[in-house]
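The chain contents come next:
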Amino acid sequence: MSVHRFWKICWGVRALCYSLILGAFRFPGYLGPPMFLLGPRKMTFGRKVRVFPGLRAECHGDGRLLVGDNVAIGQGFHVTAMGPISIGSGTLITGYVSVTDIEHEYREIDVPILEQPSVWKETRIGRNCFLGMGARVQAGTILGDGCIVGANAVIRGEFPPYSVIVGAPGRVVKRYTPESGTWQRVASTHSIESSS
């Protein structure tokens, strides 16, 4: 038996085990050893999903993680959900990316932040998106289909389909125009401050 075939069998056995504890894990797929799973029955993974080692996924209260088909997620992915977070089919998330729909309240300065209420804001990643290494998707982010998020970007707000978003705070620097069939630079003021 070749080494490649041996690892495929190991992945299959691991996937079968995960399908027993997760809400859904459809075959074929790969889920590397996670670091931490909270509420695994609230997590669903479509067909051909590949999740590399180091996943930390937390579904608090009514939180759910909904991953579409043919999604690849790099190592060290961290996601926290109080409501539904969906990752659209065909999306590629590189390493050390975090996604959350939770904000921690801090208005009462005499009360520790951990004792203040958490605030839920809808967060969603469209189909066929790309999230670069170390990107941070904050609560209240809606990424349209085909969005590209640059490495180490920090994003919040609604971004139209086929936008290239870079920086901290994140801003749109290019958009795909169907009329010309090209990506065009844009002068954008869309950033984390504009959606607060």
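Rules used in this analysis
- Residues numbered from 1 in each chain as written.
- Predicted model: local features only at pLDDT ≥ 70, side-chain atom pairs only at ≥ 80, totals over all residues.
- Heavy atoms only, no water.
- Pairing = 2+ DSSP bridges.
- Helix = DSSP H or I, 4+ residues; strand = E, 2+ residues; numbered from the N terminus.
- Patch = residues over 30% accessible without salt bridge, like charges linked within 9 Å, V, L, I, M, F, W, Y side chains within 5 Å.
- Areas by Shrake-Rupley, 256 points an atom, 1.4 Å probe, with all protein chains shown as cover.
- Salt bridge = Lys/Arg side-chain N within 4 Å of Asp/Glu carboxyl O.
- Buried < 20%, exposed > 50% of the residue type's maximum accessible area, 1.4 Å probe, protein only.
- Contact = heavy atoms within 4.5 Å.
- Polar contact = N/O pair within 3.5 Å; in protein donor to acceptor, adjacent residues only side chain to side chain.
- pLDDT = per-residue confidence, 0-100.
- Phe/Tyr/Trp six-rings, centres within 6.5 Å; stacked < 30°, edge-to-face > 60°.
- Core = buried A, V, L, I, M, F, W, Y, C linked by side-chain atoms within 4.5 Å.

Q: Would you explain the sheet that holds strand β11 (residues 92-93) in this entry?
A: Pairing between sheet strands relies on hydrogen bonds along the backbone, with the strands arranged either parallel or antiparallel. Strand order in the open sheet formed by nine strands is β2-β5-β8-β11-β16-β19-β22-β23-β24, with mixed pairing between adjacent strands. Edge positions in the sheet fall to β2 (29-31) and β24 (182-185), since each of these pairs with one other strand and no more. Note: β11 against strand β16 (residues 130-131), two bridges, orientation parallel. Pairing of Leu92 across the sheet is with Phe130, part of β16.

Q: Would you take a moment to explain the sheet that holds strand β21 (residues 158-159) for this structure?
A: Strand order across the open sheet formed by seven strands is β1-β4-β7-β10-β15-β18-β21, with parallel pairing between neighbours. Two strands in the sheet have a free side with no partner beyond their single neighbour: β1 (24-25) and β21. The sheet contact formed by strand β18 (residues 142-143) and β21 spans two bridges and is parallel. Bridge pairing links Leu143 to Phe159 in β21.

Q: Any chance you could explain a nonpolar patch on the surface here in plain terms?
A: A cluster of nonpolar side chains, namely Met1, Val3, Phe6, Trp7, Ile9, Trp11 and Val13, defines an oily patch on the protein surface of about 740 Å² accessible area. Here Ile9 lies in helix α1 (residues 3-21).

Q: Can you walk me through the pattern of salt bridges in this structure?
A: Oppositely charged side chains may form a pair once their charged atoms are brought near each other. Enumeration over the complete set of coordinates arrives at six salt bridges. For the salt bridge of Lys121 with Glu103, the shortest nitrogen-to-oxygen distance reads 3.3 Å. Residue Lys121 is located in the loop between β14 (118-120) and β15 (123-125), and its partner Glu103 is located in strand β13 (residues 102-104); the two are separated by 18 residues in the primary sequence. In this structure, Glu122 engages Arg124 in a salt bridge whose closest nitrogen and oxygen atoms are separated by 2.4 Å. Note on Glu122: relative accessible area 41%, which makes it partly exposed. Taken together, the shared-partner salt bridges connect Glu103, Lys121 and Arg156 into one network.

Q: How should I be thinking about the environment of Gln116 in this particular structure?
A: Structurally, the position occupied by Gln116 is in the loop between β13 and β14. With near-sequence residues (within four places) excluded, Gln116 lies in contact with Glu105, Tyr106, Arg107, Glu108 and Val111. Separated by 2.8 Å, the side chain of Gln116 and the backbone oxygen of Glu108 make a polar contact. A polar contact of 2.8 Å, which involves the side chain of Gln116, links it to the backbone oxygen of Val111.

Q: Mind showing me how you'd approach the confidence of the model for the protein chain here?
A: Detailed reading of the predicted coordinates is not advisable wherever pLDDT is low. Averaged over every residue, the pLDDT of the protein chain is 92; the share at 70 or more is 95%. Taken together, the stretch residues 191-196 has pLDDT below 50 and engages in twelve contacts with residues farther than four places along the chain or on a different chain.

Q: Could you clarify how one ought to interpret the packing of aromatic side chains in this entry?
A: When we look at a pair of aromatic rings, we describe it by the centre distance and by the angle of the planes. Summed over all chains, the structure comprises five aromatic pairs. With a centroid separation of 5.9 Å and 65° between ring planes, the pair formed by Tyr30 and Phe52 is classed as edge-to-face. With Tyr30 in strand β2 and Phe52 in the loop between β5 (49-51) and β6 (56-59), the pair connects residues that are 22 residues apart, well separated along the chain. Its relative accessible area of 41% is what places Phe52 among the partly exposed residues. Clustering of aromatic rings is evident, with ring pairs tying together Phe25, Phe27 and Phe45.

Q: Please explain the nonpolar core as it appears in this structure.
A: What tends to happen in soluble globular proteins is that the nonpolar side chains get buried as a cluster. Ranked by size, the top nonpolar core spans 37 residues in total, and within it Phe45, Leu65, Phe77, Leu131 and Leu143 carry the most contacts. Of all elements in the fold, only α1, β4 (43-45), β5, β6, β7 (64-67), β9 (78-81) and β10 (84-87) reach the threshold of two or more residues within this core. With residues up to four places along the chain from it excluded, the contact list for Phe45 reads Leu22, Ala24, Phe25, Arg26, Val51, Leu65 and Val67.

Q: What exactly am I supposed to notice about the environment of Arg175 here?
A: Relative to the elements of secondary structure, Arg175 occurs in strand β23 (residues 171-177). A relative accessible area of 29% means that Arg175 is categorised as partly exposed. Separated by 15 residues in the primary sequence, Arg175 and Pro160 place their C-alpha atoms 8.6 Å from one another. Discounting residues that sit within four places of it in the chain, Arg175 has contacts with Pro160, Pro161, Tyr162, Ser163, Thr182, Trp183, Gln184 and Val186.

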